[in-house]
Amino acid sequence: MRKPIRPLLFLLLGFSGLILSLGAFYAASGSKVEINSDKVLVIDGRKVFPIGFTMPPSPGGKAPNGKNGIEELHEAGATFLRTGAFGGAWNTNAIDQEQQWEDTAAQYGMHCWVHLRELDSIGTNDGETEAMLRKVVNRFKNHPGLGAWKAVDEPQWGKHPIEPMVRAYRILKELDKDHPIAVTHAPRGTVEELRAYNSTADIVAADIYPVSYPPGTHSLRSNKEISMVGDYTRTMMEVAGDKMPVWMILQISWSGVLNPGKTLRFATFPQERFMTYQAIINGARGLFFFGGHNPGAWTPADARLGWAWSFWNRVLRPVVEEIGEKSQLYPALVAPPSALPVTLALQESFGGKAEPGDVEVCVREVNDDIFILACKREGATVRVEFSGLPAPLKQGEVLFESPRKVEVRSGKFSDWFAPFDVHVYRFSR
């Protein structure tokens with residue numbers, strides 16, 4: 001007598017259904033990334049300020065405290081990793097490496113900004129590159145760790161033709177409508193020359209690394225101070241034309257302090273903090289930090305772990321903790337600009353000539369809180385008066401300078417700024 005096969009059939013059908021369900025879940029679990037009207041990145045309905053690293057620690061690497069390196073970055077408040085093919089073209093090994101990045105990013109609540117490199121330039125008869133682009137995009141477009149794609153690096157400076165990038169952009173959008181692509185420029189070129197590449201991307205970015213010997217060698221402009229970060233951010237805002245978000249890439253280390261004949265130099269905490277806030281104040285909607293992967297920037301302890309953890313612990317982690325997604329300031333970084341008529345007036349100046357515009361400001365409102373972010377460029381130490389706050393306010397907290405507060409009278413308050421100072425104020429209605 002034959003045994004009934006119905007239970008076995010049901011078991012097989014159930015197992016097949018489970019596999020199909022898991023496949024559908026994985027496809028549905030891919031992130032959906034949009035850009036809202038305030039030029040803020042929105043991932044799965046949540047506003048995100050990208051804070052990332054080029055290149056990040058390896059997926060399985062450890063921080064000095066024994067945690068996974070990506071976990072350590074996320075716990076400080078970081079949100080992004082710049083990944084993708086690095087040092088060579090896309091191939092099977094690069095895809096396998098990206099899979100590890102994506103899996104680790106998703107595990108720790110991060111997202112990847114994936115450099116397409118040569119795949120972002122498709123010639124008219126370049127079937128091989130197009131096939132690899134399709135392979136890479138189809139492989140990762142539904143992965144929950146994917147955040148955005150990265151175009152050809154610094155195309156204007158490299159005189160890269162625009163049409164092959166536009167062709168790649170169209171193919172990318174055909175395959176993946178849920179993730180934007182960002183193009184990064186060098187601190188070179190005119191606004192018009194850079195703007196010509198806007199058709200190749202959804203986000204514009206620029207790298208600028210002011211700290212070197214002699215100062216400011218990364219820029220060709222006359223300003224060699226670290227305030228060039230704000231200057232270039234405003235340039236990129238002009239390039240974007242209020243149509244695209246701007247991301248800025250700041251320094252950990254770079255060729256200007258690492259190459260033979262150069263003197264190794266790092267930004268201090270006050271310098272890194274100033275550059276970070278100045279970029280935000282002048283309009284940046286995302287920040288990345290370049291150079292933690294460079295062996296020339298590693299201490300012997302860093303070399304054992306494969307990333308610039310000494311710089312992270314000494315300088316960068318405290319900066320990220322102030323602006324990261326777990327900070328009290330973070331909601332303001334993804335808020336729209338405030339309509340409050342906050343203005344500045346110079347009250348006193350010591351050590352040289354000063355202008356009201358030497359103190360740069362942005363204002364954001366989140367529910368009942370008003371945030372004012374302000375930084376002072378090089379020059380004199382000044383005392384300035386802020387006006388235009390709601391009249392009922394009496395006092396404001398100076399974040400990250402506890403227990404310091406400022407007193408408000410008739411919508412006005414005053415404060416001191418030394419060169420490269422940053423003050424962050426919060427007022428509660």
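The model shown is predicted, which means the values in this text are computed figures rather than measured ones.

**Let's talk about unusual backbone geometry**
Trans peptide bonds make up the majority, and among non-glycine residues the majority have a negative phi.
Phase 1 of the analysis: The residue after Thr54, namely Met55, is reached through a cis peptide bond having omega -20°.
Phase 2 of the analysis: With respect to the helices and strands, the residue Met55 is situated in the loop between strand S4 (51-54) and helix H2 (69-76).
Phase 3 of the analysis: We note that Glu154 has phi near 50°; this positive angle belongs to a residue other than glycine.
Phase 4 of the analysis: Along the chain, Glu154 falls in the loop between strand S7 (146-150) and helix H5 (162-175).
Phase 5 of the analysis: For Glu154, a relative accessible area of 16% translates into the label buried.
Phase 6 of the analysis: Of note, the phi angle at Asn367 is positive, near 55°, even though the residue is not glycine.
Phase 7 of the analysis: Turning to its location among the elements, Asn367 is positioned in the loop between strand S13 (359-366) and strand S14 (369-376).

**Description of the nonpolar core**
Phase 1 of the analysis: Counting 109 residues, the largest nonpolar core has Trp149, Met248, Leu287 and Leu373 as the members making the most contacts within it.
Phase 2 of the analysis: Listed in part, the 21 residues of the second largest apolar core include Val342, Val359, Leu389 and Leu393.

**So, empty space enclosed by the protein**
Phase 1 of the analysis: All told, the structure shown has 1 cavity of 30 Å³ or more when counted by the stated rule.
Phase 2 of the analysis: In this structure, the largest cavity spans a volume of roughly 40 Å³.
Phase 3 of the analysis: Lining the largest cavity, in full, are Ala186, Pro187, Arg188, Gly189, Leu194, Ala206, Arg221, Tyr232, Thr235 and Met236.
Phase 4 of the analysis: Among the elements that make up the lining of the largest cavity, the one with the highest residue count is helix H7 (residues 228-240) (3 residues).

**Observations regarding the sheet that holds strand S18 (residues 413-417)**
Think of a sheet as strands paired side by side through backbone hydrogen bonds, with each pair either parallel or antiparallel.
Phase 1 of the analysis: The antiparallel open sheet is built from 3 strands, whose spatial order is S12-S15-S18. The sheet is open, and its two borders are formed by strand S12 (343-350) and S18, each paired with just one other strand. This sheet shows a mean twist of 25° between the axes of neighbouring strands, independent of strand direction.
Phase 2 of the analysis: As paired strands, strand S15 (residues 381-387) and S18 are joined by 5 bridges and run antiparallel to one another. When the bridges of S18 are listed, Phe386 appears paired with Phe413.

**Here we look at the state of the cysteines**
Phase 1 of the analysis: Under the definition given, this model contains 0 disulfides.
Phase 2 of the analysis: Looking at Cys362, it has no disulfide partner, and the nearest cysteine sulfur is the one in Cys375, 8.9 Å off.
Phase 3 of the analysis: In this structure Cys362 comes out as buried when scored by relative accessible area, which is 10%.
Phase 4 of the analysis: Judged by its relative accessible area of 0%, Cys375 is buried.

**So, the packing of H7 against helix H9 (residues 269-281)**
Phase 1 of the analysis: Relative orientation of the contacting elements H7 and H9 amounts to 25°, with a least axis distance of 8 Å. On the basis of the axis angle, H7 is roughly parallel to H9. H9 is crossed by H7, and the crossing has right-handed handedness. Seen from H7, the contacting residues are Val229, Gly230 and Thr233; seen from H9, they are Met275, Gln278 and Ala279.
Phase 2 of the analysis: Within the contact of H7 with H9, the residues separate by chemical class into 3 nonpolar, 3 polar and no charged.

**Brief notes about the sheet that holds strand S16 (residues 395-399)**
Phase 1 of the analysis: The strand order S13-S14-S19-S16-S17 describes an open sheet built from 5 strands, whose pairing is antiparallel. A strand with exactly one partner marks an edge of an open sheet, and here the two such strands are S13 and strand S17 (405-407). Taken over all neighbouring pairs, the strand axes of this sheet differ in orientation by 25° on average, direction set aside.
Phase 2 of the analysis: As judged from the 3 bridges shared by S16 and S17, these two strands associate in the antiparallel manner. In the strand pairing of S17, Gln395 is matched with Glu407.
Phase 3 of the analysis: H9 rests against S13, S14 and strand S19 (422-428) of the sheet, and its axis sits at about 120° to S14.

Calculation criteria
Note on numbering: residues in each chain are counted from 1, in written sequence order. Given that this is a predicted model, residues contribute local features only at a pLDDT of at least 70 and side-chain atom pairs are listed and counted only at 80 or more, while totals for whole chains, interfaces and linings are drawn from all residues. Values reported for side chains reflect all heavy atoms of the structure, with hydrogen atoms and water molecules removed beforehand. Helix and strand assignments follow DSSP, with helices taken as H or I runs no shorter than four residues and strands as E runs no shorter than two, numbered in order from the N terminus. Per-residue accessibility, obtained with a 1.4 Å probe over protein chains only, is compared with the maximum for each type, and a residue is labelled buried under 20%, exposed over 50%, and partly exposed between these values. Among the buried residues, those of types Ala, Val, Leu, Ile, Met, Phe, Trp, Tyr and Cys that are joined through side-chain atoms within 4.5 Å form a nonpolar core. Put simply, the grid is 1 Å and covers the protein atoms alone, a cavity is a trapped set of points that fit a 1.4 Å probe, a pocket is an open set with protein on both sides within 12 Å along at least five of seven lines, and lining residues have an atom within 4 Å of a point. Grid points are joined across faces, edges and corners, and a volume is the space filled by probe spheres set on the points. Pairing between strands is defined by DSSP: at least two bridges between the two strands are required. Inter-axis angles, ranging from 0 to 180 degrees, are taken between N-to-C directions of lines fitted to C-alpha atoms, where helices are fitted over the stretch in contact. Criterion for a disulfide: a pair of cysteine sulfur atoms within 2.5 Å. Should an angle fall under 35 degrees it is called roughly parallel, over 145 degrees roughly antiparallel, and 65 to 115 degrees roughly perpendicular, with every other angle called oblique. Crossings are sorted by hand: turned counterclockwise from the far helix by less than a right angle, the near helix makes the crossing left-handed, and turned clockwise it makes it right-handed. Here, two residues are considered to be in contact whenever any of their heavy atoms come within 4.5 Å of each other. For this classification, the nonpolar set comprises Ala, Val, Leu, Ile, Met, Phe, Trp, Tyr, Cys and Pro, the charged set comprises Asp, Glu, Lys and Arg, and every other residue, Gly included, is treated as polar.

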